[in-house]
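# An overview of the molecular structure
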Amino acid sequence: MPEATHAVLDRRSLASDHRRLNELLRPGLRVLDVGCGTGAITRGAAAAVGAGGLAVGADVSATLLGRARAAHAAQARLAFVVADAYALPFRRAVDVVTAARMLQWLARPLDALRAMSEAAAPGGAVLVLDFNHERAAWEPRPPESFRRFYAAFLGWRAGAGMDNAIADRLESLFARAGLARVTVTAQDETARRGEPDFEARAGIWADVAASRGHQMVADGAVTEAERSAAEADYRAWVGAEAREHVQYLRAAAGRVC
Ligand SMILES: C[S@@+](CC[C@H](N)C(=O)[O-])C[C@H]1O[C@@H](n2cnc3c(N)ncnc32)[C@H](O)[C@@H]1O
């Protein structure tokens, strides 16, 4: 995974990028963060549950977990484990199981949600934060090369069995997984020009073109010329013209019976 993608993950924090988890955590809780990436949010979770609690980050990528361990080794009550969301090595073990921006990458999100539910102790919470990529918005309209790339990105994902609108299916997935007392809250992320990190946040799609874009080229979803034009045009647009980018996210929380 390219450096640009690591930087996107490293910049995230519990307080600003997983607000619903931040509200749920209390000192003493045990939390499992599935698809933790480089562990920036998991680190915040460890701080929130304190000395009497525990935070474990799990990810299928050994590379990302290596970065997580290197970056957060000094944080107490924090551990990382290489694990697949479909086969988590925990059973009725933790108080909160969460996955942020992870189910969007899976072809069988319900199976992963069931594995997450099994990892939680009875009465524990399962919390998922994810996107509806079909409802992202830009102001003003971004360059045509990027709009074509984004349409190809959605098509490439759908072709691989990923659900571009998973944020709006969470409630029904939670019901099918047998979770109780399900609540869904809006967690949209808005980047506005003038904010200190505007270019980094609105520019995420140039990072996607620079990272996943190469896999899309390899899979025949776009040509290299289309990918590189989308990356360059979008970055220039963010630097000069863009005023606002909104990513549509929902958080679903439920209880294990
Ligand atoms: C977009 S990143 C999100 C990282 C972090 N949760 C965040 O919100 O910043 C998605 C993460 O899910 C992980 N992932 C994808 N498929 C997975 C699977 N089957 N099991 C565990 N992790 C997975 C990826 O390796 C990546 O770290």
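Residues numbered from 1 in each chain as written. Predicted model: local features only at pLDDT ≥ 70, side-chain atom pairs only at ≥ 80, totals over all residues. Heavy atoms only, no water.

### Focus: the site of the ligand
Keep this limit in mind: Any residue with a heavy atom positioned within 4 Å of a molecule or strand is treated as near that molecule or strand. Under the rule applied, a polar contact is a pair of N or O atoms within 3.5 Å (in protein, one hydrogen donor and one hydrogen acceptor; residues adjacent in sequence only if both atoms are side-chain atoms). Computed with a 1.4 Å probe, the accessible areas rest on the Shrake-Rupley method; for each residue, only the protein chains presented here act as cover. Each residue gets one label: Ala, Val, Leu, Ile, Met, Phe, Trp, Tyr, Cys and Pro are nonpolar, Asp, Glu, Lys and Arg are charged, and the others, such as Gly, are polar.
Within the structure, the ligand sits among 18 residues, and Gly35, Asp59, Ala85, Ala100 and Arg101 are positioned closest to it. With respect to the ligand, the backbone of alanine 100 contributes an N or O atom lying 2.8 Å from a nitrogen atom. A distance of 2.9 Å separates an oxygen atom of the ligand from a polar side-chain atom of arginine 101. For the ligand, whose unbound accessible area comes to 590 Å², protein coverage reaches 89%. Looking at side-chain class alone, the shell around the ligand contains 11 nonpolar, three polar and four charged residues.

### Observations regarding unusual backbone geometry
The cut-off we apply is this: Secondary structure elements follow DSSP: runs of H or I no shorter than four residues count as helices, runs of E no shorter than two count as strands, and numbering proceeds from the N terminus. A simple rule labels every residue: compare its accessible area, found with a 1.4 Å probe on the protein chains alone, to the largest value its type can have, and call it buried under 20%, exposed over 50%, or partly exposed in between.
The residue after glutamate 139, namely proline 140, is reached through a cis peptide bond having omega -10 degrees. As for its position among the elements, proline 140 is in the loop between strand 6 (137-139) and helix 7 (144-159). The residue arginine 77 is not glycine, and still its phi comes out positive at about 60 degrees. Looking at the secondary structure, you find arginine 77 in the loop between helix 5 (62-72) and strand 3 (78-82). Accessibility expressed as a relative area gives 39% for arginine 77, which makes it partly exposed. Unlike most non-glycine residues, arginine 101 shows phi in positive territory, near 60 degrees. With respect to the helices, strands and loops of the structure, arginine 101 is situated in the loop between strand 4 (94-100) and helix 6 (109-119).

### A closer look at the pattern of salt bridges
Let me state the cut-off plainly: Whenever Lys or Arg places a side-chain nitrogen within 4 Å of a carboxyl oxygen from Asp or Glu, that contact is recorded as a salt bridge.
Counted under the stated rule, the structure contains 19 salt bridges. Of the charged contacts, one joins arginine 235 and aspartate 207 as a salt bridge, the two residues approaching to 3.6 Å between their closest N and O atoms. Of this pair, arginine 235 sits in helix 12 (residues 224-240) while aspartate 207 sits in helix 10 (residues 204-210), and the two are 28 residues apart along the sequence.

### Quick look at the sheet that holds strand 8 (residues 189-192)
Using the following cut-off: Note: two strands are recorded as paired if DSSP finds a minimum of 2 bridges between them. In this analysis an axis means a line fitted to C-alpha atoms, helices contributing only their contacting stretch, and an angle means the value between N-to-C directions, from 0 to 180 degrees.
Spatial ordering of the open sheet is given by 6-9-8, a layout of three strands whose pairing is antiparallel. Of all strands in the sheet, those bounded by a partner on one side alone are strand 6 and strand 8. Taking the axes of each pair of neighbouring strands and ignoring which way they run, one obtains an average angle of 10 degrees across the sheet. In the sheet, strand 8 pairs with strand 9 (residues 244-247) via four bridges, with the strands oriented antiparallel.

### Structural notes on the pairing of strand 5 (residues 120-131)
Heads up, the rule is: When the strands point away from the viewer, a crossover counts as right-handed if the route from the first strand across the helix to the second turns clockwise.
Within strand 5, 10 of the 12 residues are buried, which leaves the element mostly enclosed by the surrounding structure. Note: strand 4 against strand 5, six bridges, orientation parallel. Bridging from a neighbouring strand, threonine 98 pairs with leucine 127 of strand 5. Running through helix 6, the crossover from strand 4 to the neighbouring parallel element strand 5 is right-handed.

### Regarding the sheet that holds strand 7 (residues 180-186)
Reading across the sheet, the seven strands line up as 3-2-1-4-5-10-7 and stay open at both edges, with mixed pairing between neighbours. Every other strand in the sheet has two partners, leaving strand 3 and strand 7 as the edge strands with one partner each. Taking each pair of neighbouring strands and ignoring which way they run, the sheet shows an average axis angle of 15 degrees. The pairing of strand 5 with strand 10 (residues 249-255) spans seven bridges and is classified as antiparallel.

### Thoughts on the environment of glycine 123
Put simply, the rule reads: Residue contacts follow a heavy-atom distance rule, with two residues in contact if any of their heavy atoms lie within 4.5 Å.
Take glycine 123: it is sitting in strand 5. Measuring from C-alpha to C-alpha, the distance between glycine 123 and tyrosine 234 comes to 46 Å, with 111 residues separating the pair along the chain. In contact with glycine 123, other than residues within four places in its own chain, are Arg255 and Val256.

### Some words on the pairing of strand 10
Summarising burial for strand 10: six of the seven residues are buried, a large majority. Relative to strand 10, strand 7 is paired through five bridges, and the arrangement is antiparallel. Residue pairing for strand 10: alanine 186 is matched across the bridge by arginine 250.

### Side note on the nonpolar core
Nonpolar side chains tend toward joint burial in soluble globular proteins. Quick note on the threshold: The criterion is simple. A nonpolar core is a set of buried Ala, Val, Leu, Ile, Met, Phe, Trp, Tyr and Cys residues joined through side-chain atoms within 4.5 Å.
Within the largest apolar cluster, 30 residues are counted, with the highest numbers of intra-cluster contacts made by Leu32, Val34, Leu113 and Met116. Those elements that provide at least two residues to this core are strand 1 (30-34), strand 2 (54-59), strand 4, helix 6, strand 5 and helix 8 (170-176). Looking at this core, the element that brings in the most residues is helix 6, giving six residues. If near-sequence neighbours (up to four positions away) are discounted, valine 34 is found in contact with Ala58, Ala85, Leu88, Val97, Thr98, Ala99, Ala100, Met102 and Met116. If you look at the next biggest cluster of nonpolar residues, it comprises 25 residues, including Val8, Trp138, Phe149 and Trp156.

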